[in-house]
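The residues making up each chain are set out below.
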Amino acid sequence: MEQRKNHIVIFVTTGNEIEAKKIARVLVEEKLAGCVNFYPVTSVYRWQNEICEDAEWQLVIKTDEQLFSTLSARIQDLHSYDVPEIIALPIVNSSMAYIQWLQDSLQKV
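Everything numeric here is computed off the predicted structure, so don't read it as measured data.

Engineer: Can you lay out the nonpolar core for me, pointing to particular residues and giving the numbers?
Structural biologist: Counting residues in each nonpolar core, the largest one holds 24 residues, and the members touching the most others are Ile 10, Val 12, Leu 27, Leu 59, Ile 61, Leu 71 and Ile 75. Counting residues per element, this core draws most heavily on helix H1 (residues 17–29), which supplies five residues. Not counting chain neighbours up to four residues away, the residues in contact with Ile 75 comprise Val 12, Ile 23, Leu 27, Ile 61 and Ile 86.

Rendered as structure tokens:
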């Protein structure tokens, strides 16, 4: 169980599929993420005192918590939003085989 403690899932939204795909590929190529899924979503949010509703793309990024700072900085470099959503949640439980694969796919920390 100790092995699972440091693995996280990060949620990021982008304005379009091209940006989602670019961020996903860079994170996996640079071994900051083992896997990134992305899919279309509709977001309702407050921005600059207005309620907005937009079509966006949700990224679900699997990584190690120790890579969060580097990964977050990289997303901010690549992202078009002034304030991109970058939210991390712990992976509470998972198959050991998946966690081993994830760890083997990432930069050594």
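Engineer: Which residues make up H1, and what are the values?
Structural biologist: Along its 13 residues, H1 runs 18 Å from first to last C-alpha, staying within 8% of the 18 Å computed at 1.5 Å per residue. Looking at H1, one finds that the buried residues are Glu 19, Ala 20, Ile 23, Ala 24, Val 26 and Leu 27. Viewed end-on, H1 has its buried residues packed into an arc of 165 degrees, placing them on one side of the element. For H1, exposure combined with an orientation more than 90 degrees from the buried face picks out Ile 18, Arg 25 and Glu 29. On its buried face, H1 sits against strand S1 (7–14), strand S2 (35–47), strand S3 (50–64) and helix H2 (68–78). Put simply, Asn 16 is the residue that caps the front of H1, since its side-chain oxygen is 3.1 Å from the backbone nitrogen of Ile 18. Just past H1, the residue Lys 31 takes up positive phi, approximately 60 degrees.

Engineer: Could you give an account of the pattern of salt bridges, with specific residues and numbers?
Structural biologist: Summed over the entire model, instances satisfying the criterion amount to two salt bridges. Residues Glu 29 and Arg 25 are paired through a salt bridge, measuring 3.6 Å at the closest nitrogen-oxygen approach. Highlighted residues: Glu 29 and Arg 25, both in helix H1, separated by four residues, approximately one helical turn. A single burial state applies to Glu 29 and to Arg 25, both of which are exposed. Note that Glu 30 and Arg 74 form a salt bridge whose closest N and O atoms lie 3.0 Å from each other. Of this pair, Glu 30 sits in the loop between H1 and S2 while Arg 74 is found in helix H2, placing the two residues 44 residues apart along the sequence.

Calculation notes
- Residues numbered from 1 in each chain as written.
- Predicted model: local features only at pLDDT ≥ 70, side-chain atom pairs only at ≥ 80, totals over all residues.
- Heavy atoms only, no water.
- Core = buried A, V, L, I, M, F, W, Y, C linked by side-chain atoms within 4.5 Å.
- Buried < 20%, exposed > 50% of the residue type's maximum accessible area, 1.4 Å probe, protein only.
- Helix = DSSP H or I, 4+ residues; strand = E, 2+ residues; numbered from the N terminus.
- Contact = heavy atoms within 4.5 Å.
- Expected span 1.5 Å × (residues − 1).
- Arc of directions from axis to C-beta.
- Polar contact = N/O pair within 3.5 Å; in protein donor to acceptor, adjacent residues only side chain to side chain.
- Salt bridge = Lys/Arg side-chain N within 4 Å of Asp/Glu carboxyl O.

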